[in-house]
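# Notes for the structure review
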Amino acid sequence: MNLKTSMSSLMKDLFGVVLLVFFLLLFFNIERFKEGTLPISNVMLNVNTIFLGIVIEAVPFILLGVFVSAVIQIYVSENTLQRYLPKNAYMALLPAAILGAIFPICECAIIPVVRRLIKKGMPLHVGVVFLVAAPILNPVVAASTFYAFRTDLTVLYARMGLAFVLAIIIGAIMYIIFKNKDQLKWTKEELTGRVMAPIGTPKKPNRIKLTLYHAADEFFLMGKYLIIGAFIAALFQTLLDRNILLTIGSNEWSSTGVMMAFAFILSLCSEADAFVAASFGNTFTTGSIIAFLVYGPMLDLKNTIMLFAFFRAKFVISFIIVVTVVVFISVLTLQLLVL
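Residues numbered from 1 in each chain as written. Predicted model: local features only at pLDDT ≥ 70, side-chain atom pairs only at ≥ 80, totals over all residues. Heavy atoms only, no water.

### Considerations on the overall build of the protein
- Counting secondary structure elements, the protein contains 17 helices and zero strands.
- The buried share among the 339 residues of the protein stands at 49%.
- The long-range share in the protein, meaning contacts at least 24 apart out of those at least 6 apart in sequence, stands at 85%.
- Carbon and sulfur atoms provide 69% of the accessible area of the protein, an area that totals close to 16,500 Å². (Helix = DSSP H or I, 4+ residues; strand = E, 2+ residues; numbered from the N terminus. Buried < 20%, exposed > 50% of the residue type's maximum accessible area, 1.4 Å probe, protein only. Contact = heavy atoms within 4.5 Å. Areas by Shrake-Rupley, 256 points an atom, 1.4 Å probe, with all protein chains shown as cover.)

### A look at a nonpolar patch on the surface
- Among the surface-exposed residues, Leu63, Phe67, Val71, Tyr75, Ile208 and Leu212 lie close enough to one another that they form a single nonpolar patch of about 540 Å² accessible area.
- Broken down by secondary-structure element, the contributors of at least two residues to the nonpolar patch are helix H3 (40-75) and helix H11 (207-239).
- It is H3 that contributes the most residues to the nonpolar patch, four residues altogether.
- Given the relative accessible area of 39%, Phe67 is considered partly exposed. (Patch = residues over 30% accessible without salt bridge, like charges linked within 9 Å, V, L, I, M, F, W, Y side chains within 5 Å. Salt bridge = Lys/Arg side-chain N within 4 Å of Asp/Glu carboxyl O.)

### With respect to the confidence of the model for the protein
- Residue-level pLDDT values for the protein average 76, and 67% of them are 70 or greater.
- Mean pLDDT across the elements of the protein ranges from a minimum in helix H10 (residues 188-192), with 49, to a maximum in helix H9 (residues 154-178), with 94. (pLDDT = per-residue confidence, 0-100.)

### Observations concerning the environment of Ala313
- Checked against the element boundaries, Ala313 lands in helix H17 (residues 313-337).
- Relative accessible area serves as the criterion here: at 38%, Ala313 is assigned to the partly exposed category.
- Considered as a pair, Ala313 and Leu184 are 129 residues apart in the sequence and their alpha carbons are 9.6 Å apart.

### Some words on H9
- Its 25 residues place the ends of H9 35 Å apart at the C-alpha level, agreeing with the 36 Å of an ideal helix rising 1.5 Å per residue.
- At the C-terminal side of H9, Lys179 shows a positive phi close to 50°. (Expected span 1.5 Å × (residues − 1).)

### What to know about the environment of Thr211
- Position of Thr211 relative to the elements: it lies in helix H11.
- With 144 residues separating them in the primary sequence, Thr211 and Phe67 have C-alpha atoms 7.5 Å apart.
- Dropping the residues within four chain positions of it, Thr211 is found in contact with Ala70, Val71, Ile74 and Tyr75.

### Looking at the nonpolar core
- Of all hydrophobic cores here, the largest spans 77 residues; its most connected members are Ile170, Ile289, Phe292, Met298, Phe311, Val323 and Val327.
- Apart from residues lying up to four places away in sequence, Phe292 is in contact with Met259, Phe262, Ala263, Leu266, Leu268, Asp273, Val276, Ala277 and Pro297.
- Membership of the second largest hydrophobic core comes to six residues, among which are Val47, Phe51, Val55 and Ala230. (Core = buried A, V, L, I, M, F, W, Y, C linked by side-chain atoms within 4.5 Å.)

In structure tokens form, the structure reads like this:
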């Protein structure tokens, strides 16, 4: 199954998740509809208001993110990044996290970039640091998080600080597990060195057009997930019983696990996820909101499919376990000691 088919299948699965959530929430609220305490007109109005609020706030940051990402994709060479990384395995972790903070590339776009870097000689664990750091530690995500949580900057500081530290920790753990063993999936042409060269003299590509095409493709890809995520968030906020939400959201263990699972399923773009997270601010603990904002860009449904397409299954499964355990324990520790 190629990547395009996988992404198409993923969209169908996500649409099915939306329908399932919708009908489940309707089922659990059927008595309230019968009693008249939750009129359908009010439900639709509330869902529409919350949904539009999330989307309208998020779209400008998605546009900014995809254009900056497209410029980097077209104009920045992979060799440029490799020059700034030390040869020592552990010494390379810190500058890798810093470089990851410079490049505003989403969790989907970073995977093929990291694969290219590894093919050109970048150590595997350094590529892992890029995978988890770049989607969070960049100016666009920082700006969107600031705007979404401008009344409480604790979330911004915790998200950025925790993501920076965890990127280094996750990279170090993956180095201990795999060292520098090759974990890429190679095509037959790459293994045999028989990649066909183009016939004739290739025409020099127009970089401006390529940038616009790349930005447009990425915008529509991200936009689909934003709309799905915003709609599910609006449904949850409107239809799920507040007592249930408060019970789940007030418990540090359950709220953190639920929000991490929610982040994985929604597969939101990191430039827009802060606005969805902010909509749960009055229900879930601050720590669980931070878990949502840190875990989602590192690992979600759509980038998991891409990881399995580009890397060996053993590596991907290990990566999923390490990221999940490290983020969960770190957020619980943060809640216990700081929040």
